[in-house]
Structure formats: structure tokens, C-alpha cells
Amino acid sequence: MRRAGLLALWRGEAEAVSLPPVPAGFVAVETVIVGVALWSTWRRSGFLRRQWDAGSGPRRAAVAGVTASTVAFTALLALGSGTWMLVAWLLGGLCGITLLLSDPAGGPSDA
């Protein structure tokens, strides 16, 4: 097996991990669940909305990263692209950890 980095994978030179076909019913249910989860976190009292409103550049970038990676993970799972799905999951996790470890938005401050 040939070892390759992300650039080789991007160019299509490396073998990608492909998943077996996902049934259309599962994709539909998954899309509804992710849509409801994003709606609840982006509504006025939701976690991502509070983080966005209280944040500056880096915090807003992390919120955008969590949102984009959630949508990308869902789409890539439906398409069966295991390698890029894993990349989206890892990037979303890093952005989520950044948000959780930062100063909580709307919480009491120590000042």
C-alpha cells in the first residue's frame, strides 16, 4: 500500500477510504436529524448563536467551522466518502473543542 498525504488524496493519486452505499432512507433520516440539531443550536437561545453573538474573529471562525463540518460530514456520509468524512469530523471536533474551552458566552464573568 502506498503512503500518501492529503495533497495526494486531493489530487486523486491516493486510495481513498470508501464506504458501502448508504440507503436513501437513512440519508433522509440523517438529514432531518442534522437539520433539527443545527436549527436548535442556531436559534436565538441556542449554543452556536450565543457563541457567534459573543465572539470575535476566532470564535466566529470556530462556530462557522462546526456548522460547515456538520453539513459536510452529513453530505460526505451520504456520498460514501469515508476519508473526507473523517477529515470533516476531525475539523469539526477541533472547532467544537475550541468553543467549549473558550470563555463561555453569556456566562458569568470573573471581573
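Residues numbered from 1 in each chain as written. Predicted model: local features only at pLDDT ≥ 70, side-chain atom pairs only at ≥ 80, totals over all residues. Heavy atoms only, no water.

*Asks:* Give me the lowdown on helix H4 (residues 57-79), citing residues and values where you can.
*Replies:* The end-to-end C-alpha separation of H4 is 32 Å, in line with the 33 Å expected for 23 residues at 1.5 Å each. Within H4 the residues assigned to the buried category are Arg59, Ala62, Val63, Gly65, Val66, Thr67, Ser69, Thr74, Leu76 and Leu77. Residues of H4 that are buried in the fold lie against helix H2 (24-42), helix H3 (47-54) and helix H5 (82-101). Once H4 finishes, glycine 80 follows within two positions and takes phi at roughly 85°, a positive value. (Helix = DSSP H or I, 4+ residues; strand = E, 2+ residues; numbered from the N terminus. Expected span 1.5 Å × (residues − 1). Buried < 20%, exposed > 50% of the residue type's maximum accessible area, 1.4 Å probe, protein only. Contact = heavy atoms within 4.5 Å.)

*Asks:* Tell me what's going on with the environment of arginine 44, and back it up with residues and numbers.
*Replies:* Mapped onto the elements of the fold, arginine 44 is located in the loop between H2 and H3. For arginine 44, the contacting residues outside a window of four places in its chain are Arg49 and Arg50.

*Asks:* Could you give an account of the nonpolar core, naming the residues involved and the relevant values?
*Replies:* By size, the foremost hydrophobic cluster in this structure holds 6 residues: Leu48, Ala62, Val63, Val66, Cys95 and Leu99. It is H4 that contributes the most residues to this core, 3 residues altogether. When near neighbours in sequence (up to four residues on either side) are disregarded, valine 63 contacts Trp42, Leu48, Gln51, Trp52 and Leu99. (Core = buried A, V, L, I, M, F, W, Y, C linked by side-chain atoms within 4.5 Å.)

*Asks:* Describe in detail a nonpolar patch on the surface, supporting the description with residues and values.
*Replies:* There is a patch of nonpolar side chains on the surface, built from Leu86, Trp89 and Leu90 and spanning about 330 Å² of accessible area. Note on placement: tryptophan 89 falls in helix H5. When its relative accessible area of 53% is taken as the criterion, tryptophan 89 is described as exposed. (Patch = residues over 30% accessible without salt bridge, like charges linked within 9 Å, V, L, I, M, F, W, Y side chains within 5 Å. Areas by Shrake-Rupley, 256 points an atom, 1.4 Å probe, with all protein chains shown as cover. Salt bridge = Lys/Arg side-chain N within 4 Å of Asp/Glu carboxyl O.)

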